[in-house]
Number of protein chains: 2
Amino acid sequence: MLDDITRSAERDIGIKAYPRSISRIIGAIKSSDDFWEIVDISDEPLPLVAYVIERLVDKGFIELKNGKIVLREDLEGEVSQWHKCFECDGRGVIIDDFKKEFETFMEIQRERPSAKKEFDQGYVTPLTTFSRIAYADQKGDIRGKEVIILGDDDLVSLALALTHLASRVVLLDIDKRIVDFVSKSARSHGVDVEAHVFDLRNPLDERFLHQFDTFFTDPPETVTAFKAFIGRGLATLKGARNAGYFGITRRESSLNKWRELEKVLISDFGVVITDILHNFNVYVNWEYWDTTRAYDLSPSKTHPKTNWYKSALFRIETLEDFRIFNDPIEGDIYNDVESSTT
Amino acid sequence: MLDDITRSAERDIGIKAYPRSISRIIGAIKSSDDFWEIVDISDEPLPLVAYVIERLVDKGFIELKNGKIVLREDLEGEVSQWHKCFECDGRGVIIDDFKKEFETFMEIQRERPSAKKEFDQGYVTPLTTFSRIAYADQKGDIRGKEVIILGDDDLVSLALALTHLASRVVLLDIDKRIVDFVSKSARSHGVDVEAHVFDLRNPLDERFLHQFDTFFTDPPETVTAFKAFIGRGLATLKGARNAGYFGITRRESSLNKWRELEKVLISDFGVVITDILHNFNVYVNWEYWDTTRAYDLSPSKTHPKTNWYKSALFRIETLEDFRIFNDPIEGDIYNDVESSTT
């Protein structure tokens, strides 16, 4: 039965599926009856989860009851057991040293611009933003360093400026609302962020090339977009042994795609991956959710009740022979068969 | 000055060094006067740290006082700031669900065989052993699964058997003392471990090929040994979407070597790296430390006072087209210019 669905998935929706994919989805259904949580727990691409649930409904193994996904037979599945640290929510870092800055940030961010689908936005929890800074600081990538953020609806630039740790904070974003919000908030709190409206589909100009020690970005996860965003991040760096941070999710990228992205990092760009932290980035449910492909695909058409969209935090470091990518890109770089929220 | 040492390091000891390497070592000296802690904090290969300290002594920037390493001038260096979670020691997982098993293990392991240099041994703390199991369980790689451990002075096999989670636990080790200790301890606690004496330089035979869902190993970090150990681990697996766990350290591997090892994983073996957890594995100081090259190289000739040897936990997952390596290997596979404890 599993083999059957595994094979048809690839044919019908173009996503490579494995018996373990199906087993993880069934296991997730044993832990939750909520579609979004099932996607979260299973760690399989959302379109695949939706497809598998529909096939299992067809076959009579599960049923949809008032938007709930319920097993009708006791199928075998891989049930995850949590041992996540309650103190740091599994991230391994705490933000105690930034208590005051975090409070200020919480206050400011209440007025933040809402997430816009047009720009593939969707921001992380404030705790994620600060944990990211704590992690990067622990790695030596923040203190006294020049830092650039390429696309910043997470407001990392603002949080970073509030800590006064970096020697320079620069932000590029396509969205004037973000640029204005960060500039205004920074100014009113007496901290510095150089914020520029910039469309990353264009090549970076020399104002931003080879100037920074550390970059943060959150690339769309098609191979083309990934290459463009990370390649530009690398182009901002001064040289060897500088660092880059970004997220890759399981929600929109199968492990086959993960491997492709890792190959881009190691073989195309010649960088080394130093850290991969599962589910480090936790996203707040965005307001445009019911206009996404994810909603279209969801068998239940329910509201997400918990923060189900997460991504792994990647850290890379450049070596002496790293390469960059700064060519112009065109067309729809945001969508492939595995994406569903862009 | 930094550039000068950077260049001579490569010429004199054959390890690729960067200005940031030197800066991290100087920063570490600002945090500690103990050689072993400086290696730990700097995250640079031990032979390079020793070399840089000697050059800085030559130039009069630091001095050795009663085995302490002390800066004589206020050099600029990258000082790390810790934000590590105190509850899980930065690992992100806790072992509360295994309290009883952990206590039993603590009792048993008091009689464990001491680490032998001949076999490149050196074991992790019991907390590391159990955290590794907790992490793998969270990933769905343990419960009801068939698990093999290739080389096990960390006693993962025994800990795992005590938890009763896996459906099968198999252990291969070159050291009869480990095999006997685990067999005897397992038997006396009424749990099952199939333990075999096996030299991993030989190809695995069909008793162990394509039988398992998950493997654990701890490869020596020359590229040849790494390829052999991971290749054999992969050869034990049933097929796609199975998992492997192992450590890679910064103490004996530069980031240039890390990139080579990652290329082996992604390009040679065709697997995907899903997790890299910095400093997850913490080693107990081994008894033969003063016969190692690390001791020879250490400018201070002091005893390590803290657990300074750590490694990152890697998790990989197989995809449909992964490859294995099961050829015989010969000669000294344990040493290269960056190694110092084998």
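Preceding this section is the structure that the text describes.
Residues numbered from 1 in each chain as written. Chains lettered and ligands numbered in written order. Predicted model: local features only at pLDDT ≥ 70, side-chain atom pairs only at ≥ 80, totals over all residues. Heavy atoms only, no water.

Let's talk about the relation of the copies chain A and chain B
- Superposition record for chain A on chain B: RMSD 0.0 Å, screw rotation 180 degrees, translation along axis 0.0 Å. Those values place the two copies in the arrangement expected of a two-fold rotation axis.
- Counting the interface residues of chain A, we find that 100% of their copies in chain B are interface residues as well, pointing to one common contact surface. (Least-squares fit on C-alpha atoms with pLDDT ≥ 70 in both. Contact = heavy atoms within 4.5 Å.)

Some thoughts on the packing of helix α5 (residues 99-109) of chain A against helix α7 (residues 156-163) of chain A
Residue and element names in this part refer to chain A.
- The N-to-C vectors of α5 and α7 enclose an angle of 140 degrees; their axes lie 9 Å apart at closest approach. Between α5 and α7, the interaxial angle falls into the category oblique. Read as a crossing pair, α5 and α7 show a hand that is right-handed. Contacts from Glu101, Thr104, Phe105 and Ile108 of α5 reach α7 at Leu158, Ala159, Leu162 and Thr163. (Axes fitted to C-alpha atoms, helices over the stretch in contact; angles between N-to-C directions. Helix = DSSP H or I, 4+ residues; strand = E, 2+ residues; numbered from the N terminus. Parallel < 35°, antiparallel > 145°, perpendicular 65-115°, else oblique. Left-handed = near helix turned anticlockwise from the far one by under 90°.)

Here we look at the environment of A:Cys88
All names here are of chain A.
- Take cysteine 88: it is sitting in the loop between β2 (68-71) and α5.
- Judged by its relative accessible area of 4%, cysteine 88 is buried.
- Each C-alpha atom of the pair cysteine 88 and serine 131 lies 8.9 Å from the other, and the pair is 43 residues apart in sequence. (Buried < 20%, exposed > 50% of the residue type's maximum accessible area, 1.4 Å probe, protein only.)

Some words on the interface of chain A and chain B
- Counting from both sides, the interface comprises 58 residues of chain A and, opposite them, 58 residues of chain B.
- With both sides pooled, the region where chain A packs onto chain B buries about 5100 Å², and carbon together with sulfur makes up 52% of that total.
- Our enumeration of links across chain A and chain B arrives at twelve salt bridges.
- Residue B:Glu317 is joined to A:Arg20 by a salt bridge in which the shortest nitrogen-to-oxygen separation is 3.9 Å.
- Put simply, chain A and chain B have 39 residue pairs in polar contact (both at pLDDT 80 or more) between them. (Buried area = accessible area lost by both parts, 1.4 Å probe. Salt bridge = Lys/Arg side-chain N within 4 Å of Asp/Glu carboxyl O. Polar contact = N/O pair within 3.5 Å; in protein donor to acceptor, adjacent residues only side chain to side chain.)

Quick notes on unusual backbone geometry
- Although it is not a glycine, A:Asn66 sits at a positive phi angle of roughly 50 degrees.
- Tracing the sequence through the fold places A:Asn66 in the loop between β1 (62-65) and β2.
- The residue B:Asp43 is not glycine, and still its phi comes out positive at about 60 degrees.
- Residue placement: B:Asp43 occurs in the loop between α3 (35-42) and α4 (46-58).

Points about helix α4 (residues 46-58) of chain A
Residues and elements named next belong to chain A.
- End to end, α4 covers 18 Å across 13 residues, agreeing with the expected 18 Å (1.5 Å per residue, within 8%).
- Taken together, the buried positions of α4 are occupied by Leu46, Pro47, Leu48, Val49, Ala50, Tyr51, Val52, Ile53 and Leu56.
- Structurally, α4 contributes buried residues whose contacts are with α1 (2-13), α2 (19-31), α3 (35-42), β1, β2 and α11 (293-297).
- At the exit of α4 stands glycine 60, carrying a positive phi of roughly 80 degrees. (Expected span 1.5 Å × (residues − 1).)

Some points on the pattern of salt bridges
- For the structure on display, the rule yields 76 salt bridges over all chains.
- Between B:Arg168 and B:Glu194 there is a salt bridge, with the nearest N and O atoms lying 2.9 Å from each other. Of this pair, B:Arg168 sits in strand β4 (residues 168-173) while B:Glu194 sits in strand β5 (residues 194-197), and the two are 26 residues apart along the sequence.
- A salt bridge links B:Asp213 to B:Lys238; the shortest N-O distance between them is 3.1 Å. With B:Asp213 in the loop between β5 and β6 (214-217) and B:Lys238 in the loop between α9 (223-236) and β7 (243-248), this pair connects stretches of sequence that are 25 residues apart.
- Of the residues examined, B:Lys238 reaches a relative accessible area of 40% and is grouped as partly exposed.
- If you follow the salt bridges from partner to partner, you end up with A:Arg20, A:Arg24, A:Glu44, A:Glu78, B:Asp141, B:Lys145, B:Arg241, B:Arg315 and B:Glu317 in one network.

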